[in-house]
Amino acid sequence: MYFRNAIVLLTWALLGSAPFAQAENGSAGWLRYAPLSQRAAQLYEKIPRHVVEITNTPVARNAANELMRGIHSMLGNDLQLASDPSTFAIQDSFVLGTPAEIHALVPAWKAAGTIADEGFSISEITVNGHALWIIAGGADRGELYGVFHLLEQIAQEKPLSSDAESPSSPIRWVNQWDNLNGSIERGYAGRSIFFDNGHVRTDLTRVSDYGRLLASVGLNGAAVNNVNSDLRTLEPEMIHELARIADAFRPCGVRMSLSVDLSSPQVVGHLSTFDPIDPNVATWWQSKVDEIYKEIPDFGGFVIKADSEGRVGPSKYGRTPAQAANTVARALKPHGGVVLYRGFVYNNHLDWNDLKADRARAGYDNFHALDGTFEPNVIIQIKHGPIDFQVREPVSPLFAALRHTNQAIELQVTQEYIGQQRHMVFLVPMWKAVLDTDMRAENRSTPVKEIVEGKSFRQPLGGFVGVANVGLDADWLHHPMAMANLYGFGKLAWNPDLTTDQIVDSWTRLTFGNDPKVVSTIDALQRDSWRVYEQYTGPLGIGTLTNILGIHYGPGIDSAEHNGWGQWFRGDSQGIGMDRTVATGTGYIGQYPPELAKVYESLTACPDELLLFMHHVPYSYVLHSGKTLIQYVYDSHYAGAETAATYPARWQQLHGLIDDERYEQTLDLFIYQAGHAIVWRDAVTRWFQRISGIPDRQGRVGNYPDRIVAEDMAADGYAPVDVTPWEAASNGQAVECNRAASCTLTTKLDRPAGAYKIAVQYFDLRTGASHYELLLNGNPIGHWVADATLPPAVVDKQLDGSTGTRFTVRGVSLKPGDRLTLRGTPDGEEPAPVDYIEITK
Ligand code: GCV
């Protein structure tokens, strides 16, 4: 046996296709198909060596290819594709087809029950002494999903058994917010895989690879351009180009869709209006849709963002979202296309002085009265919370309000407000909390997942949409851990009843292998990461306390207040939180069905984690945990940053157990995250201490005995500058070196002799790559370049909560009287800024 495997490995090497020699940059995602150990491979010794594929469509042929590819890669077996289906009678075979096709070929086989169009069943029967492994799909997509399911079992070294599954709902789409120029709105992993320079890319290999990833978790649609849609999208030349993307997706059963702007009839079609009830406008949509289907016969449909954040919409003519959606939907109907009309319609010019104004109300206010007036092929695409993908929000009350309308939930895989793929935040626990929330509509069990599946209100077309924003980075989302979110989104869209543990465990095994230590370490890191991120960013439902007017990354707390965007928390010296009660507040809570509204309306019944979303409370308010609100905020931020600080060491235990490339990349990110969590912790706690005037009982906030702030060190060339927002730096200040040569900061240390960690808190701007050097008594002990780990969205030229970061030198032997010098050498427009140095044991 050893001999056999040695030959297989040698053959792979000689063929230049060693299974994952080049896959460890993360490009294979969870589809690594890594060779199985000899012991595990024995589990699958009996699998057939032949494949019979009956359906013969591009998707079905792809299913057979995928099966051969996966088996070859994991087990080293080269499956033979039978050109004549009847060969099943003379040899053990995999048989792929629809139930009718399989039954015609193998009359002894009968489907255990009805197989839904996109569902599959896997079973084994013996005919003429030959084992037949039947993978039946309701239609060709189901065959492909069945194959991926089988391969996933093998990759996880699970015993194979009969199985049958079908997806929760028909809409299982990703949205990409890609612009035609190749940039991606809220994309954090490189440029678009679809577009460049105003055109569809020439090389669409990554699109085909993306299609495989999507199909492997059962996703069946992709809207490929930004919901803030470029008006060129519907130009005839562009449709022609876009057809190539649809071609690349087709073998994976992923239907391409487009985001469109409602003013297209006017701008692209040169009509005098885009009023949805104008017959010429309807005719224009009809002929545009016909034109699209000529080029893209399996086109999925349109996503529409209207009357939102500067996009025009039906309100311009006094029409409703239903009138707009229906006009477009009627054009798509004959072709089987759908309209996903976004529920994200709100006024971003609210009056801050109006205590009844509330952005959270907008979704329900704009749509609930339209329930039942939409065409059957319209689906309202609703963000999971009523604001905008904050670290914690209640579910949108709109889900329970639309009972005669198809709905899809919009979840955000790209981590816009949640660490931008520079912080590890596994979102499946958050999505589970949302999907499992029982809205108690009609005083009965109506969990969000069942509403969007169409079960609760018997709607046929519901589903799941994930804003994915993968990019050209080799590993798609930049952080090796982030792909768990794309995987998890697909898995939940297929089956929202899966548990977090099931999802994370399979993802880890598929992505990093089955070593028990690897699996338990990564599972544990991922599982808690959302709670940890929430702890050090925005607890108690206050929202992510980021700069909402900037890039939504680092802390920038006051930015949420005193403007029209409505992401308010209304903090003052007495208390904090939005009063959304019916009794005294904005009345938002009244939008929920009565049983849930009762829980949220009551200060005592409202769960702590949503308290500040629902109520305005004094800082001394005692939470269910027994802590005062203010002390909870302090403790939570310290606890979160403390846990983030454990990530690097926990990860280091995996050294040698996974490939070096992903090991190093992840370690760098964890080190960065641990540092940025401190930026977050300090900014938020300082801000709360200043506004409330109540000190931290544990004396940590504003009191940092281990720190030497840069302004207090002896400076040669460095000069103090103010930092905005003030809470993003100690004392609201840092120092900059505004000369071409290096500048230095020096301090005399009086620590007892021993080994220490020396951390330098500095700012990394994208305007240059400054060099830093730490010297002890004139001898270098560390150096680094400020060039790296920030998300691409950080283009800030200023020192703030997004650009603050740290570098740590460990194991430095110090004794009283040592002289510590930090030398910063500016580069480009980056003045080697420094906040403080911290020396700890
Ligand atoms: C694509 C938020 C984001 C925008 C996004 C918008 C939306 O406001 O910050 O970048 O626009 O949501 O979902 O339409």
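Quick note: structure is the one above.
Bear in mind the structure is a predicted one, so any value in this text is a computation, not a measurement.

Student: Pulling in residues and values, what's your account of helix H16 (residues 500-512)?
Tutor: Because the α-helix completes a turn every 3.6 residues, residues three or four places apart line up on one side. The end-to-end C-alpha separation of H16 is 18 Å, in line with the 18 Å expected for 13 residues at 1.5 Å each. Looking at H16, one finds that the buried residues are Thr 500, Ile 503, Val 504, Ser 506, Trp 507, Thr 508, Leu 510, Thr 511 and Phe 512. Elements that come into contact with the buried residues of H16 comprise helix H5 (140-155), helix H13 (428-435), helix H15 (483-494), helix H17 (516-536), helix H20 (629-652) and helix H21 (660-692). Positioned one or two residues after H16, Gly 513 has a phi angle of 100°, which is positive.

Student: Got a sec to walk through the nonpolar core? Specific residues and values, please.
Tutor: Of all hydrophobic cores here, the largest spans 210 residues; its most connected members are Tyr 210, Ile 245, Phe 249, Phe 302, Tyr 341, Trp 651 and Phe 688. Counting residues per element, this core draws most heavily on H20, at nine residues. Apart from the residues within four sequence positions on either side, Ile 245 is in contact with Phe 194, Phe 195, Val 200, Leu 204, Val 207, Val 224 and Met 256.

Student: Describe in detail the pairing of strand S26 (residues 779-785), supporting the description with residues and values.
Tutor: Consecutive residues of a regular strand have side chains that alternate between opposite faces of the sheet. Pairing analysis gives six bridges linking strand S25 (residues 771-776) to S26, with the strands arranged antiparallel. Its bridge partner being in S26, Leu 774 is matched across the sheet by Gly 782. The loop that links S25 with its antiparallel partner S26 comprises two residues; one of these, Asn 777, has a positive phi angle of about 50°.

Student: Describe the pattern of salt bridges, naming the residues involved and giving the relevant values.
Tutor: Within this structure, the stated rule accounts for 47 salt bridges. The closest approach of N and O atoms between Arg 319 and Asp 275, which form a salt bridge, is 2.8 Å. Highlighted residues: Arg 319 in the loop between strand S12 (301-304) and helix H10 (321-332) and Asp 275 in the loop between helix H8 (264-267) and helix H9 (279-295), separated in sequence by 44 residues. Of the residues examined, Asp 275 reaches a relative accessible area of 9% and is grouped as buried. Residue Asp 436 is joined to Lys 449 by a salt bridge in which the shortest nitrogen-to-oxygen separation is 3.0 Å. Of this pair, Asp 436 sits in the loop between H13 and helix H14 (448-452) while Lys 449 sits in helix H14; the two residues are 13 residues apart in sequence, bridging distant segments of the chain. For Lys 449, a relative accessible area of 12% translates into the label buried. Connected through shared salt-bridge partners, Arg 681, Asp 682, Arg 707, Arg 806 and Glu 838 make up one network.

Student: Before we move on, can you summarise the sheet that holds strand S4 (residues 120-127) with the specific residues and values?
Tutor: Pairing in this open sheet of six strands is mixed, and the strands run S2-S1-S3-S5-S4-S6 from one edge to the other. The outermost strands of the open sheet, each flanked by one partner alone, are strand S2 (80-81) and strand S6 (163-165). Bridge count for strand S1 (residues 50-53) against strand S3 (residues 93-97) is three bridges, and the pairing is parallel. Opposite Val 51, over in S3, you have Phe 94 as the bridge partner. Of the strands in this sheet, S1, S3, S4, strand S5 (130-137) and S6 are in contact with H5, which crosses S4 at around 75°.

Student: Just give me the short version of the packing of aromatic side chains, but keep the residues and values in it.
Tutor: Inspection of the entire model under this criterion finds 34 aromatic pairs. Seen in terms of ring centroids, Phe 569 and Trp 687 are 5.6 Å apart; in terms of plane orientation they differ by 90°. Their pairing is edge-to-face. In this pair, Phe 569 sits in the loop between H17 and strand S17 (575-576) while Trp 687 sits in helix H21, placing the two residues 118 residues apart along the sequence. By the burial criterion, Phe 569 is buried, and Trp 687 matches it. Among the aromatic residues, those joined into a cluster by ring pairs are Trp 507, Phe 512, Tyr 647, Trp 651, Tyr 663 and Phe 670. The ring of Trp 476 has Arg 206 sitting right over it, with the charged end atom 3.9 Å from the ring centre. Just above the ring of Tyr 756 sits the side chain of Lys 841; from NZ or CZ to the centre is 4.6 Å.

Student: Before we move on, could you go through the site of the ligand and cite the residues and values that matter?
Tutor: Around the ligand, 14 residues are found, and the nearest of them are Glu 185, Lys 305, Glu 309, Lys 383 and Glu 416. Here Glu 309 contributes a side-chain N or O atom positioned 2.6 Å from an oxygen atom of the ligand. For the ligand, whose unbound accessible area comes to 340 Å², protein coverage reaches 96%.

Student: Break down the packing of H17 against H21 for me, with residues and values.
Tutor: Interhelical geometry of H17 versus H21 gives an angle of 25° and a closest axis separation of 10 Å. One way to sum up the angle between H17 and H21 is to call them roughly parallel. Contacts between H17 and H21 involve Leu 525, Tyr 533 and Tyr 536 from the first element and Phe 670, Gln 673, Ala 677, Trp 680 and Arg 681 from the second. When grouped by side-chain class, the residues that make up the contact of H17 with H21 number six nonpolar, one polar and one charged.

Student: Explain H10 residue by residue, including any values.
Tutor: With twelve residues, H10 should reach 16 Å at 1.5 Å per residue; the first-to-last C-alpha distance of 17 Å fits that figure. The buried fraction of H10 is high, at ten of twelve residues. Looking at H10, one finds that the buried residues are Pro 321, Ala 322, Ala 324, Ala 325, Asn 326, Thr 327, Val 328, Ala 329, Ala 331 and Leu 332. Tucked inside the fold, the buried residues of H10 contact H9, S12, strand S13 (338-342), helix H11 (362-367) and strand S14 (378-383).

Student: Break down the environment of Gly 301 for me, with residues and values.
Tutor: Structurally, the position occupied by Gly 301 is in strand S12. Setting aside anything within four residues of it in sequence, one finds Gly 301 in contact with Trp 173, Met 256, Ser 257, Leu 258, Tyr 293, Leu 332 and Val 338.

Student: Kindly report on the side chain of Gln 381, identifying the contributing residues and their values.
Tutor: Relative to the elements of secondary structure, Gln 381 occurs in strand S14. Sequence-distant contacts of Gln 381, that is, excluding residues within four places in its chain, are made with Asn 175, Val 303, Leu 340, Tyr 341, Arg 342, Gly 343, Ala 408, Glu 410 and Val 465.

Student: Describe unusual backbone geometry, with residues and values.
Tutor: Along the chain, Thr 724 connects to Pro 725 via a cis peptide bond; the corresponding omega equals 0°. One can find Pro 725 in the loop between strand S21 (718-722) and strand S22 (733-737). A positive phi angle, close to 60°, is found at Gln 421, a residue other than glycine. Turning to its location among the elements, Gln 421 is positioned in the loop between strand S15 (406-412) and H13.

Student: Let's hear about the sheet that holds S13: which residues, and what values?
Tutor: Pairing is parallel around the closed barrel formed by eight strands, whose spatial order is S7-S10-S11-S12-S13-S14-S15-S16. Here the strands of the sheet are splayed against their neighbours by 25° on average, with no regard to which way each runs. Where strand S10 (residues 221-223) and strand S11 (residues 255-260) come together, three bridges link them in parallel fashion. If you follow Ala 223 over to S11, its bridge partner there is Ser 257. Contacts from helix H7 (residues 236-249) reach S10 and S11, with the element oriented near 145° to S11.

Student: Let's hear about the state of the cysteines: which residues, and what values?
Tutor: With the rule as written, the count across this model stands at one disulfide. Note on cysteine connectivity: Cys 737 is disulfide-linked to Cys 743, with sulfurs 1.9 Å apart. Where Cys 737 bonds to Cys 743 through sulfur, the torsion about that S-S bond is close to 70°, and the disulfide is right-handed. On the basis of relative accessible area, Cys 743 is assigned to the buried category, the value being 0%.

Student: Tell me about the environment of Arg 570, and name the residues and values.
Tutor: With respect to the secondary-structure elements, Arg 570 resides in the loop between H17 and S17. Classification of Arg 570 by relative accessible area gives buried; the value is 13%. Distance from Arg 570 to Asp 351, taken between C-alpha atoms, is 13 Å for residues 219 residues apart in sequence. If sequence neighbours within four positions are ignored, Arg 570 has contacts with Trp 352, Asp 354, Leu 355, Glu 561, Gly 575, Ile 576, Gly 577, Met 578 and His 616. At 3.4 Å, the side chain of Arg 570 and the backbone oxygen of Asp 354 are in polar contact.

Student: Tell me about the side chain of Asp 275, and please be specific about residues and values.
Tutor: A polar contact is formed between the side chain of Asp 275 and the side chain of Arg 319, at a distance of 2.8 Å. Aside from chain neighbours lying at most four places away, what touches Asp 275 is Val 281, Tyr 317 and Arg 319.

About the thresholds
- Residues numbered from 1 in each chain as written.
- Predicted model: local features only at pLDDT ≥ 70, side-chain atom pairs only at ≥ 80, totals over all residues.
- Heavy atoms only, no water.
- Helix = DSSP H or I, 4+ residues; strand = E, 2+ residues; numbered from the N terminus.
- Expected span 1.5 Å × (residues − 1).
- Buried < 20%, exposed > 50% of the residue type's maximum accessible area, 1.4 Å probe, protein only.
- Contact = heavy atoms within 4.5 Å.
- Core = buried A, V, L, I, M, F, W, Y, C linked by side-chain atoms within 4.5 Å.
- Pairing = 2+ DSSP bridges.
- Salt bridge = Lys/Arg side-chain N within 4 Å of Asp/Glu carboxyl O.
- Axes fitted to C-alpha atoms, helices over the stretch in contact; angles between N-to-C directions.
- Phe/Tyr/Trp six-rings, centres within 6.5 Å; stacked < 30°, edge-to-face > 60°.
- Lys NZ or Arg CZ within 6 Å of the ring centre and 35° of its normal.
- Near = heavy atom within 4 Å.
- Polar contact = N/O pair within 3.5 Å; in protein donor to acceptor, adjacent residues only side chain to side chain.
- Areas by Shrake-Rupley, 256 points an atom, 1.4 Å probe, with all protein chains shown as cover.
- Parallel < 35°, antiparallel > 145°, perpendicular 65-115°, else oblique.
- Nonpolar A, V, L, I, M, F, W, Y, C, P; charged D, E, K, R; others polar.
- Disulfide = S-S within 2.5 Å.

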